[in-house]
Amino acid sequence: MRAVVPAALFVGLFAVGCGEPPPVTPATDLGPPIVLPTVEGMVAAEDMDEAPDCVEYELHVGTAEVELEPGVMTPVWAYNGLVPGPLLQARVGQHVHVKVTNDLDEATTIHWHGLRISNEMDGVVHGELKPIEPGETFTYKLTPPEAGTFWYHPHVRPNEQIERGLYGMFVVHEAEDVRPSVDVERGFIVDDVLLNNDGSLDDAFGGGMETMHGRYGNALLMNGQDSVMELKAGLGTVERWRITNSANARTMYLRFTGLVVKRIGADGGLWPQSEVQTINGDLELPVGARADLEVRFAPRSTEGKVENIVLGYDENDEIVEFGIEQIHVTRDPAKDAVRRKHGHFADPTYEHVDASTATTKRLTLSGQNTPSGVQFTINGSAWPEFDDWSVQAGELQVLDIRNELGMEHPFHLHGQLFTVVDRNGAATNEPGLRDTILVPGGARVRIATRFENPGMWMYHCHILEHEEAGMMAMVDVQGDGAMPMDEHESE
Ligand code: C2O
Ligand code: CU
């Protein structure tokens, strides 16, 4: 049985919502109201608006204490007191208002990672775009144009604010007729944090080594818990798992045992059925990126696990792999499928770009030592300096990203989605629409985007320390663009 959200989800106490009286004719035809699937594993935020085409959430940003380590309370910064923050969800094309109140002692913003929304709602601080000061409230207004697994986090001092606990998942559900048929849907955010012996977060941020390599934690969290997550599943059932990596710097490698796992999507939604990939080795998940998986028990197996593969030193000081178990799945016969069935979904389409004719922009990732410390650069400039670069909205461009350094950089582009063209000149099997891509040390990765969403958009390394040390820039996308769902009313 597919888990369903009770109809009460749609009944708020007051219609505090999108603000306007219900329109006689809705701006966008969303079809009949639907019941969204439950995403298990996270606390879902409550929709405060009863109108069917409108969702209203409230987030309070403040301090809290949560149990990251079993039996130990850790002071954190949190959305609504939760780490991860509450699950936000909507269906494609709905108007989403998120009222954010900042109860921290410092300014913050929320960036909606991967969502192609209007520029002024992107949560960056630049020019006219100001952060939410302590005590202030700001309402973000978003209309997600595509389904997918997204996430939200601050874009002010993110290396400290995200590490302290400010991150959450934002699921945009497919319309019912193209949603995969699964028995259970779950959300996971994998993170690592640097803890002191007393369970508090190490609060020395931004030291030289940390700036150089990014902050690596000594505790791995799955949905905010440093303990093995116990799940129950039925034989013959198919689950959909959405996974995000919210770490400051660590690329995660997840190894599945006793489970058959197929990757059905990445950042910007599902892949066509023809490109679904069975995961045989480890699933590589760079910081900021997302994976959408179809998971079931392997044949004759009634137990499964997910290990996070990390490198460490053994007793002979040799570097070896360690598998740290983060998820343990056992059978619950009560959940067994009545008949064996398979997940399936309508093929969403996206463009396979012929990059040979497109304008190419080269982006060189590099860095240098300066008297004031390590500086990371894109095309020789360190934020707030950046290369003057503008494109016409709707124009196909290839970004030729070259990493001159020995260390990897997860490259993230705001406000647009892109496809991967090739790696080091060779074809690569990385389908789908993305907003974050790993560029290994010394590597060259070409991506292609149509820059459909106008505005001044950031692109940067998602190793938060690298971003803070300069590896961040902006592209000016000029014109009206071609975002079909982008109807942001201003009040
Ligand atoms: Cu997830 Cu500019 O960030
Ligand atoms: Cu980097």
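Before any of the text, the structure's been laid out above.
Here is what the cut-offs are and how they apply
Residues numbered from 1 in each chain as written. Chains lettered and ligands numbered in written order. Predicted model: local features only at pLDDT ≥ 70, side-chain atom pairs only at ≥ 80, totals over all residues. Heavy atoms only, no water. Patch = residues over 30% accessible without salt bridge, like charges linked within 9 Å, V, L, I, M, F, W, Y side chains within 5 Å. Areas by Shrake-Rupley, 256 points an atom, 1.4 Å probe, with all protein chains shown as cover. Salt bridge = Lys/Arg side-chain N within 4 Å of Asp/Glu carboxyl O. Buried < 20%, exposed > 50% of the residue type's maximum accessible area, 1.4 Å probe, protein only. Helix = DSSP H or I, 4+ residues; strand = E, 2+ residues; numbered from the N terminus. Donors = N, O, S within 2.8 Å, 3.2 Å for Na, K, Ca; no water. Pairing = 2+ DSSP bridges. Axes fitted to C-alpha atoms, helices over the stretch in contact; angles between N-to-C directions.

Notes on a nonpolar patch on the surface
A cluster of nonpolar residues, Leu-311, Tyr-313 and Ile-319, forms a patch on the protein surface that exposes about 390 Å² of accessible area. Judged by relative accessible area, which is 58%, Tyr-313 ranks as exposed.

A closer look at the pattern of salt bridges
In this structure the tally under the stated criterion is 27 salt bridges. A salt bridge links Glu-185 to Arg-242; the shortest N-O distance between them is 2.8 Å. Of the two residues, Glu-185 is situated in strand E10 (residues 184–193) and Arg-242 in strand E13 (residues 239–245); the sequence distance between them amounts to 57 residues. Of the residues examined, Glu-185 reaches a relative accessible area of 5% and is grouped as buried. Residue classification places Arg-242 among the buried residues on the basis of a relative accessible area of 0%. Between Asp-435 and Arg-290 there is a salt bridge, and its shortest N-O distance comes to 2.7 Å. Placement of Asp-435 in the loop between strand E27 (419–423) and strand E28 (436–439) and of Arg-290 in strand E19 (residues 290–297) is noted, with a sequence separation of 145 residues between them. By the burial criterion, Asp-435 is buried, and Arg-290 matches it. Each of Glu-174, Glu-185, Arg-240, Arg-242 and Asp-292 takes part in salt bridges that share partners, so that together they form one network.

Some words on the coordination of the copper ion (ligand 2)
At 1.9 to 2.1 Å from the copper ion (ligand 2) lie its protein donor atoms, namely His-409 (ND1), Cys-461 (SG) and His-466 (ND1). For the copper ion (ligand 2), the donor residues sit on a single chain with the sequence spacing H-x51-C-x4-H. Of this pair, His-409 sits in strand E26 (residues 409–413) while His-466 sits in helix H3 (residues 464–468), and the two are 57 residues apart along the sequence. Each member of the pair, His-409 as well as His-466, carries the same accessibility label: buried.

Focus: the pairing of strand E22 (residues 359–370)
Sheet topology places E22 next to strand E25 (residues 397–403); 7 bridges connect them, and they run parallel. Bridge assignment links Thr-364 to a residue of E25, and that residue is Arg-402. Pairing of E22 with strand E23 (residues 373–378), which is carried by 6 bridges, proceeds in the antiparallel orientation. Residue Asn-369 lies in a different strand from E23, and its bridge partner there is Val-374.

Things to note about the sheet that holds strand E21 (residues 319–331)
Read across the sheet, 5 strands follow the order E12-E21-E20-E14-E18 without closing on themselves; strand pairing throughout is mixed. Across the chains shown, the open sheet's two edge strands, defined by having one partner strand only, are strand E12 (229–233) and strand E18 (283–285). Ignoring strand direction, the axes of neighbouring strands in this sheet form an average angle of 30 degrees. With 3 bridges connecting them, strand E14 (residues 252–257) and E18 associate as antiparallel partners. Bridge pairing links Tyr-253 to Glu-284 in E18.

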